[in-house]
Amino acid sequence: MVLDEVWRRLDGVEALSGPHGGPLRRTVKLILDPLVIRPVQHPECAGSILTADGAVLLTTRINAAADVLRATAAWFTLLKQVRRALRITAGNAQDLYFQRCYELATVSGMPDAVADRGAAEDALLEIHNLTAGRTTQALKEFLADPEQSGDLAELIATAWRRRPLTTTPDHTEPLTDLLNACAAARLGEPEPEVDIDDLIAASIGTHHGIRLWLAQGSDAAAAIPAGQGSVVAAGPVPSAQYLGLTAYPAPQPPRVGASASKASLGLPFDRTIHERVFTVLQAASERADLPPIPELVDAEIARSCSPWALLDESLRLAAAAGAHLALQLRPIVNAPNDIGSSLAGAPANGHGTRGPETGVTSVAARVINGRWQREAYVLQARRMMVCPTSLTAAAAPTAATSAVTGSIGEVVSNDVAGLHGAAVSNGATGFGTGSELGGAVPLVGADALGSLETPGAVSTPGPLAVIAADLQVPWRPYLRRLWARVHGRDVREVPVYEADELWDLLDGVARSVMLDHRMRVKKALAATAVAAELDELESRAG
């Protein structure tokens, strides 16, 4: 009775509590008795009947551990979420995790759902004997050894110095043929005669990766005017910086690194060895199948100093084909009558919403562009671009905002309603049907999505502005996600030898980017709707 009364006064321990608010039996058995109350050391709390002094002591000990108990509950919640993500079903979660959660809470305090997800995964895999010593903590300790770190830095310097930096031929035409063959196979169209084995044997992926080392600065590709053919055929190749793979004018040798977190990973070519191996461990549900940590590190050093930061030639070809495809992606069209023509593969008009390769649009690009341009959030951005000044109007629809909709509004009304109906419960989101451009419009207006015609014009901070920036340079989020996938395949030694398998990879990345954008827009709109309601309530109260 004393324990139940004390427990009910604690907040934030619901994950350790029963349906009626008291502590679970396993909470008492696994956490409170052995780790908090400790009856052997405090016999006043040991009996089933407590004296007045015993009741005071028990109350004091529980209250003193309140912060740790709250953190324990938070860790248990996080471990259960990760357990579901890893599809672990063996054992009772309370029996297996309660005491480990108390340990994590004592050592690390309250967990962060993003930053501490890796620690939660490590704990789960270790508990279920799936790590075989391949944990992120073991990686950190291995790389933190001063002598080991020095040897690895020297190994990186040697591997980087030995990179092949010879001039390579242009492979624009075979890459276009490969993309056409990949898409045609799924569309039931006649396939061009392309043998992917021949392209692998010709080291096209390696040559493309070497050109990324040689190209300097983000302006190398942008300097070629739109509509004047393929940028590769014209001379310079888009740099790795322009493609969004590095923050530097040219790729730099990797560093060993001292820490890693999913929330703060660098761009693909800028990641440290620590970050690269960390992502490998995080993505592996059966880490015992991976090589030991030292072998993983050595292999990653060799990989990071190779063309495309990949070892397998078929995956380098996949990356090169993805880069060729990504520069043809065009989610936003620049004129009201441009939607239909763009679906047929019309060339870009030089307004900055497409990459530098503007000569030939592959079948694969036309397929993905057509799907992307029909996304509700992209169509809404188009509406904003048609008449951006009208979008700064008040929440109530006006004649100006109604004029925006026209034929485009009729096209997108159903898609927009379907997308955002689940995100908000009222019509004050600015993404309604027909002419309903409401409360969120001032936030999402010309600065955020209406400025997509001019790269770099986004000035409004926030998630919608970030999405707008991604849509201006769609090849960057596409290639970052593609590289992460082919890197994972490279580590697991899973090559790509078939055209349909390559198409599944390239098209899957495009779908993933679209889904990511869609979910980010929905979350931003939901938050905006709540903020609008609060503002209205405050205004009324005032």
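For the structure itself, consult the block above.
Quantities reported herein were computed from a predicted structural model and do not represent experimental measurements.

Chemist: Run through the packing of aromatic side chains, naming residues and quoting values.
Modeler: Under the criterion given, the structure shown has four aromatic pairs. Where Trp160 meets Trp213, the ring centres are 6.2 Å apart and the plane angle is 65°; that geometry is what we call edge-to-face. Here Trp213 lies in helix H11 (residues 204-214) and Trp160 lies in helix H8 (residues 146-161), a separation of 53 residues in the sequence. Residue Trp160 is classed as buried on the basis of its relative accessible area of 13%. In this structure Trp213 comes out as buried when scored by relative accessible area, which is 9%.

Chemist: Explain the nonpolar core to me, using residue names and the numbers behind them.
Modeler: Ranked by internal contacts, the top residues of the largest apolar core, which has 59 residues, are Trp308, Leu325, Trp372 and Tyr478. Tallying contributions element by element places helix H24 (residues 499-541) first for this core, with eleven residues. Those residues within four positions of Tyr478 in sequence are excluded, and the remaining contacts are Gly322, Leu325, Ala326, Leu329, Leu506, Val509, Ala510 and Val513. Core analysis: the second largest hydrophobic core is formed by 39 residues, Leu10, Leu32, Cys45 and Ile62 among them.

Chemist: Describe the pattern of salt bridges, listing the residues and the values that go with them.
Modeler: Enumeration according to the criterion identifies 16 salt bridges in this entry. Residue Arg518 is joined to Glu375 by a salt bridge in which the shortest nitrogen-to-oxygen separation is 2.7 Å. Linking Arg518 in helix H24 with Glu375 in the loop between helix H18 (363-373) and helix H19 (376-386), this pair joins segments that are 143 residues apart in sequence. For Arg518, a relative accessible area of 29% corresponds to the partly exposed category.

Chemist: Describe a negative patch on the surface, naming the residues involved and giving the relevant values.
Modeler: A surface patch of negative charge is lined by Asp195, Asp197, Asp198, Glu498 and Asp500. Its location among the elements puts Asp500 in helix H24.

Chemist: Lay out helix H15 (residues 293-304) in plain terms, naming residues and giving numbers.
Modeler: The periodicity of an α-helix, 3.6 residues per turn, causes residues three or four places apart in sequence to face the same way. With twelve residues, H15 ought to run about 16 Å at 1.5 Å a step, and its terminal C-alpha atoms sit 16 Å apart, in line with that. On its buried side, H15 packs onto helix H7 (136-144), H8, helix H14 (273-283) and helix H23 (475-492).

Chemist: How would you summarise the side chain of His42 if you had to cite specific residues and measurements?
Modeler: Examined against the element boundaries, His42 turns out to sit in the loop between helix H2 (25-37) and helix H3 (52-64). When sequence neighbours within four positions are dropped, the list of residues in contact with His42 reads Ile37, Leu57 and Arg61.

Chemist: Outline the packing of H2 against helix H5 (residues 93-108), supporting the account with residue identities and numerical values.
Modeler: Viewed as axis vectors pointing N to C, H2 and H5 meet at an angle of 30°, and their least axial separation amounts to 10 Å. By the angle between their axes, H2 is roughly parallel relative to H5. Of the two elements, H2 crosses H5, and the hand of that crossing is right-handed. In this structure, H2 uses Arg26, Thr27, Leu30, Ile31, Pro34, Leu35 and Val36 to contact H5, whose residues at the interface are Gln94, Asp95, Phe98, Gln99 and Tyr102.

Chemist: Explain unusual backbone geometry residue by residue, including any values.
Modeler: The residue Ser203 is not glycine, and still its phi comes out positive at about 55°. Within the element layout of this structure, Ser203 appears in the loop between helix H10 (196-201) and H11. With a phi close to 55°, Ala309 is a non-glycine residue in the positive phi region. Along the polypeptide, Ala309 turns up in the loop between H15 and helix H16 (313-326).

Cut-offs and rules
Each chain has its residues counted from 1, following the order in which its sequence is written. Reporting in this predicted model follows two pLDDT cut-offs: at least 70 for local features of residues, and 80 or more for side-chain atom pairs to be given and counted; totals over whole chains, interfaces and linings ignore these cut-offs and use all residues. Side-chain calculation: all heavy atoms of the structure are included, whereas hydrogens and water are not. Each aromatic pair joins two rings of Phe, Tyr and Trp (for Trp, the six-membered one) with centres within 6.5 Å, and gets the label stacked for planes under 30 degrees apart, edge-to-face for over 60, and tilted for any other angle. Strands here mean DSSP runs of E at least two residues long; helices mean DSSP runs of H or I at least four residues long; both are numbered from the N terminus. Exposure is judged per residue with a 1.4 Å probe applied to protein chains only, and the accessible area is read against the type maximum: over 50% gives exposed, under 20% gives buried, and values in between give partly exposed. Only buried Ala, Val, Leu, Ile, Met, Phe, Trp, Tyr and Cys residues count toward a nonpolar core, and they belong to the same one when joined by side-chain atoms within 4.5 Å. A contact between two residues is defined here by any heavy atoms of the two lying within 4.5 Å. Any Lys or Arg side-chain nitrogen found within 4 Å of a carboxyl oxygen on Asp or Glu counts as a salt bridge. A patch is a set of surface residues, each over 30% in relative accessible area and not in a salt bridge, joined within 9 Å for like charges and within 5 Å for the nonpolar side chains Val, Leu, Ile, Met, Phe, Trp and Tyr. To measure how exposed things are, a 1.4 Å probe is used in the Shrake-Rupley method; for residues, cover is taken only from the protein chains shown. Two residue types count as positive, namely Lys and Arg, and two as negative, namely Asp and Glu; His and chain ends fall outside the count. Here the site of a charge means atom NZ of a Lys, CZ of an Arg, CG of an Asp or CD of a Glu. Multiplying one less than the number of residues by 1.5 Å gives the expected span of a helix. To define axes, lines are fitted to C-alpha atoms, for helices over the stretch in contact only, and angles between the resulting N-to-C directions are given on a 0 to 180 degree scale. Reported orientations rely on four angle classes, namely roughly parallel under 35 degrees, roughly antiparallel over 145, roughly perpendicular from 65 to 115, and oblique for the rest. Crossings are classed by handedness, with left-handed meaning an anticlockwise turn of the near helix from the far one by less than a right angle and right-handed meaning a clockwise turn.

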